[in-house]
Amino acid sequence: MYVPSHTPLPQSASDRADGHGSARSSARSADDRHGTGMHSQTAAAMALFKCEPGAINGASDFVCTFANAGAARLFGRHGGDMAGLSVQTLVPPVSVVGCVEILHRVAALGVSEEHELPALCAGEGVSLHWDIAPMPGGVAIALTDLHGRSKMDVTIAMVHAESARADRLSAQVLAQVSDAYLLLDHELRVLTTNPAADRALGKSEALVDRTLWNVSPPGWAKSRVSAKIEGVLVDRAEAHLTLRAPIGPAEGEGEGGRSHASDIDVYPAPDGGVAIFWRDVTDRVALEDFQREFAAHLTSWNQQLQAGAEEQQRLLSVAEAMRADAESANRVKTEFLAVMSHELRTPLNAIGGYTELLELGLRGPVTPEQREDLGRIQRNQQHLLGLITALLNFARLDTGQLAYDYSDVPVADAVRAAVSLIQPLVDAKQLQLRVDECSLDVQMRTDAEKLQQVLLNLLSNAIKFTNAGGKINVHCARVNDMVTVAVSDTGVGIPERHLARIFEPFVQVDVGLSRTVGGVGLGLSISANLARALGGSLRVESIEGRGSTFTLSLPVIERP
């Protein structure tokens, strides 16, 4: 608000005007005598006004609450026009922030300050002497118009004010940043530091005016940091580096101890000096080291995996070649067995035929002793012919040369036919054979001849390994979409160690020159292969000394 020129300035403010109370008193006396304040062509006009903190457009500012006539005239105002005016309206826009900062500082610290600052006097920017004193609730300001200064002087004053403000802002920023900071002159003497540098260097004494190498962190003086700083002094071009330095042995870490790392940035500064920023990056460097080591290990692992993959590929190639060789050798073997079996069958059939001719007496009378010998010849010829036939069947099955003739086969008929063929062998060995009734309506779509061969092999095998007086049982059943034929015996059984290989070719449980049963170990292998070819399976359960059960499973024909 406007305050009349005869209204006295509060004594407390003038008394604390940092030595300028007499000037303010003189100004008030002149104002009282002349009614318009002291002003002449040769003397500077004294303008007095009071400001209090306030909020203008949401920003903290100072608002004019008292002004004398000299102040009103200086700012080109009349009467009560200055009441409520913000400092923003009294100084050029470029100086508003700096001016408000000064007013806040004086009001907060209670210490008077003097500045040459620009102001908008009667709409023009001029340089004024600001004498600012603290007082309750705000500040008191005495302005002295410095006559004779040109607009250039005003501009220069404004620039200096902004420069000072920029310096203060820079000092505030440097005080807040986490990077340590040193400003050095051309002789590398410390001009300025920030709190982070003080903390980093751990120096209790003053750092200013001391040389860098007297205050620098360990390892700087005799490292590439020194060379970088010297280079910036000469070339005036910024430099950057990361320095690792030991920080002494740590407990349990041996001679090497620990180390820390710092990122250091060196910039040319005014007057030939340098500015240095540095920060601790130990954790970051440790992470980078770990990442590099991990990448190296990963590369090594990848190389090992690649080498392993290549070796595996080589082994697969070798295995494939060996498999091809084995298949080729197996084909040769099978073809040889087929040819030899065929060639052996011809003379054996001839032996059988001539034996029958001799037995019939077509070559002359046959004595009882001779007839008995001819019987032995016939039995051995039949046994040998059976072995060769098994070899021939196995060879044909192994080479895929067997042909299959499918038809609808009742399970009951297939079992009955097989049992009738082996009944003489059962009777000769004095065994008990029981056949559970098979359902007459259960049929299979299969090869009747191959099915009969499998059943005969299973029954013959049971007869071979069951001692006189033992029992053989044949049981049929339908399980879901499969029909099963199980042949059980009370024979010698199969040792557990042989069960996994019992269906492999040429595998026999009773081995050695003293074995009691004949055969080459192809019956079960042929039977298992035929069962798979017919769409079924053959499995075994056995307990050594108590007997075995072989179960044939084949698909059932679904009838509407």
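Here the structure is shown first, and the text comes after it.
This write-up is about the structure you can find in this document. It should be emphasised that the depicted structure is a prediction, and the values quoted were computed from it without experimental measurement.

Reading the values: rules and limits
Residues numbered from 1 in each chain as written. Predicted model: local features only at pLDDT ≥ 70, side-chain atom pairs only at ≥ 80, totals over all residues. Heavy atoms only, no water. Buried < 20%, exposed > 50% of the residue type's maximum accessible area, 1.4 Å probe, protein only. Helix = DSSP H or I, 4+ residues; strand = E, 2+ residues; numbered from the N terminus. Pairing = 2+ DSSP bridges. Salt bridge = Lys/Arg side-chain N within 4 Å of Asp/Glu carboxyl O. Patch = residues over 30% accessible without salt bridge, like charges linked within 9 Å, V, L, I, M, F, W, Y side chains within 5 Å. Areas by Shrake-Rupley, 256 points an atom, 1.4 Å probe, with all protein chains shown as cover. Axes fitted to C-alpha atoms, helices over the stretch in contact; angles between N-to-C directions. Contact = heavy atoms within 4.5 Å.

Counting buried residues in strand β17 (residues 547-555) gives seven out of nine residues, a clear majority hidden from the surface. Bridge count between strand β15 (residues 482-489) and β17: seven bridges; the pairing is antiparallel. When the sheet's bridge partners are listed, Val 485 is paired in β17 with Leu 552. Note that strand β16 (residues 537-543) and β17 share seven bridges and pair antiparallel. Across the sheet, residue Val 540 finds its bridge partner in β17, namely Phe 550. Linking β16 back to β17 in an antiparallel pair, the connection comprises three residues, with Gly 545 at a positive phi of about 85 degrees.

Evaluation of the coordinates by the stated rule reveals 17 salt bridges. Between Arg 105 and Glu 113 there is a salt bridge; the shortest N-O distance is 2.9 Å. The exposure class of Glu 113 is buried, given its relative accessible area of 16%. A salt bridge links Asp 289 to Arg 292; the nearest nitrogen and oxygen atoms lie 2.1 Å apart. One end of the pair is Asp 289 and the other is Arg 292, both in helix α9 (residues 282-359) and three residues apart, which spans about a single turn. Connected through shared salt-bridge partners, Asp 179, Asp 265 and Arg 279 make up one network.

Here the focus is a nonpolar patch on the surface. Taken together, the side chains of Leu 287, Phe 290, Phe 294, Leu 298 and Trp 301 define a hydrophobic patch exposed on the protein surface, amounting to about 500 Å² of accessible area. Locating Leu 287 in the fold gives a position in helix α9. On the basis of relative accessible area, Leu 287 is assigned to the partly exposed category, the value being 45%.

We note that Asp 209 has phi near 75 degrees; this positive angle belongs to a residue other than glycine. Of note, Asp 209 is situated in the loop between α6 (195-201) and α7 (212-215). Overall, the relative accessible area of 53% leaves Asp 209 in the exposed class. Residue Arg 236 is not a glycine yet carries a positive backbone phi of 60 degrees. If you trace the backbone, Arg 236 turns up in the loop between α8 (224-235) and β8 (239-246). Overall, Arg 236 belongs to the partly exposed group, its relative accessible area being 31%.

Right, let's get into the environment of Ile 502. By the secondary structure assignment, Ile 502 is in the loop between α13 (496-499) and α14 (523-533). Taking the relative accessible area as the measure of exposure, Ile 502 reaches 4% and is therefore buried. In this structure the C-alpha to C-alpha distance between Ile 502 and Ser 525, which are 23 residues apart in sequence, comes to 7.8 Å.

Turning our attention to the sheet that holds β16. With mixed pairing, five strands are arranged side by side in an open sheet as β12-β14-β15-β17-β16. On the outer flanks of this sheet lie β12 (432-435) and β16, each paired with one strand and no other. Pairs of neighbouring strands in the sheet enclose a mean axial angle of 15 degrees, with direction left out of account. The strands touched by helix α11 (residues 411-428) within the sheet are β12, β14 (471-479) and β15, with β12 carrying the most contacts at an inclination of about 175 degrees. Here helix α12 (residues 448-464) sits on the sheet and contacts β14, β15, β16 and β17; the angle it forms with β17, its principal contact strand, is near 175 degrees.

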